[in-house]
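Remarks on the overall topology
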Amino acid sequence: MSTWTRLLLPGAVALLCCAPLLAQDSGGDLFRANCALCHGADGKSNTPTGRAFKAPDLTSAAVAKMTDAELTRVIHDGKGNMPAFGTRLTDAQIRSLVAHIRSLQKK
């Protein structure tokens with residue numbers, strides 16, 4: 001085994017093993033896994049479940065006016081038909097979701 005292989009192989013293995021864990025913390029991946037069923041991939045809540053539960057359009061002016069702290073509280077504690085995610089997601093993951101919601105509002 002060459003010196004380069006011995007130096008690079010452990011890092012490559014660690015990256016391949018940990019990449020799925022890192023990807024789960026991106027706002028988009030978290031949104032698809034936890035929110036898209038109701039809110040849709042685009043955040044407009046035009047899904048059968050979203051319509052049935054009257055999930056708010058996350059791109060609407062009303063949601064855009066909410067502060068990051070208000071969105072964080074809704075995700076953490078739940079509201080109306082929306083379940084609380086505070087026990088399932090870390091604070092950092094919730095911040096990633098808020099950032100992703102903001103990016104949907106800019107599209």
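Before reading further, recall that the structure is shown in the block above.
The structure presented is a predicted model; accordingly, all values stated were derived computationally and were not measured.

What follows concerns the packing of helix α2 (residues 27-34) against helix α7 (residues 91-105). Between α2 and α7, the shortest axis-to-axis distance is 8 Å and the interhelical angle comes to 90 degrees. Taken together, the axis directions place α2 and α7 in an arrangement best described as roughly perpendicular. Across the interface between the two elements, Gly 27, Gly 28, Leu 30 and Phe 31 of α2 pack against Gln 93, Ser 96, Leu 97, His 100, Ile 101 and Leu 104 of α7. Residues belonging to the contact of α2 with α7 are distributed by class as follows: five nonpolar, five polar and no charged.

Nonpolar side chains tend to gather and get buried jointly when the protein is soluble and globular. Within the largest apolar cluster, 15 residues are counted, with the highest numbers of intra-cluster contacts made by Phe 31, Leu 58, Leu 71, Ile 75, Leu 89, Leu 97 and Ile 101. Taken together, the elements giving at least two residues each to this core come down to α2, α6 (68-77) and α7. Per-element tally for this core: the top contributor is α7, with five residues. Ignoring anything within four residues of it in the chain, the contact list for Ile 101 reads Phe 31, Leu 58, Leu 71 and Ile 75.

So, on to unusual backbone geometry. The phi angle at Ser 45 is positive, at roughly 60 degrees, despite the residue not being glycine. For Ser 45, the location among the structural elements is in the loop between α3 (36-39) and α4 (48-53). Among the residues examined, Ser 45 registers a relative accessible area of 5% and is labelled buried. We note that Lys 54 has phi near 55 degrees; this positive angle belongs to a residue other than glycine.

What counts, and at which threshold
Residues numbered from 1 in each chain as written. Predicted model: local features only at pLDDT ≥ 70, side-chain atom pairs only at ≥ 80, totals over all residues. Heavy atoms only, no water. Axes fitted to C-alpha atoms, helices over the stretch in contact; angles between N-to-C directions. Helix = DSSP H or I, 4+ residues; strand = E, 2+ residues; numbered from the N terminus. Parallel < 35°, antiparallel > 145°, perpendicular 65-115°, else oblique. Contact = heavy atoms within 4.5 Å. Nonpolar A, V, L, I, M, F, W, Y, C, P; charged D, E, K, R; others polar. Core = buried A, V, L, I, M, F, W, Y, C linked by side-chain atoms within 4.5 Å. Buried < 20%, exposed > 50% of the residue type's maximum accessible area, 1.4 Å probe, protein only.

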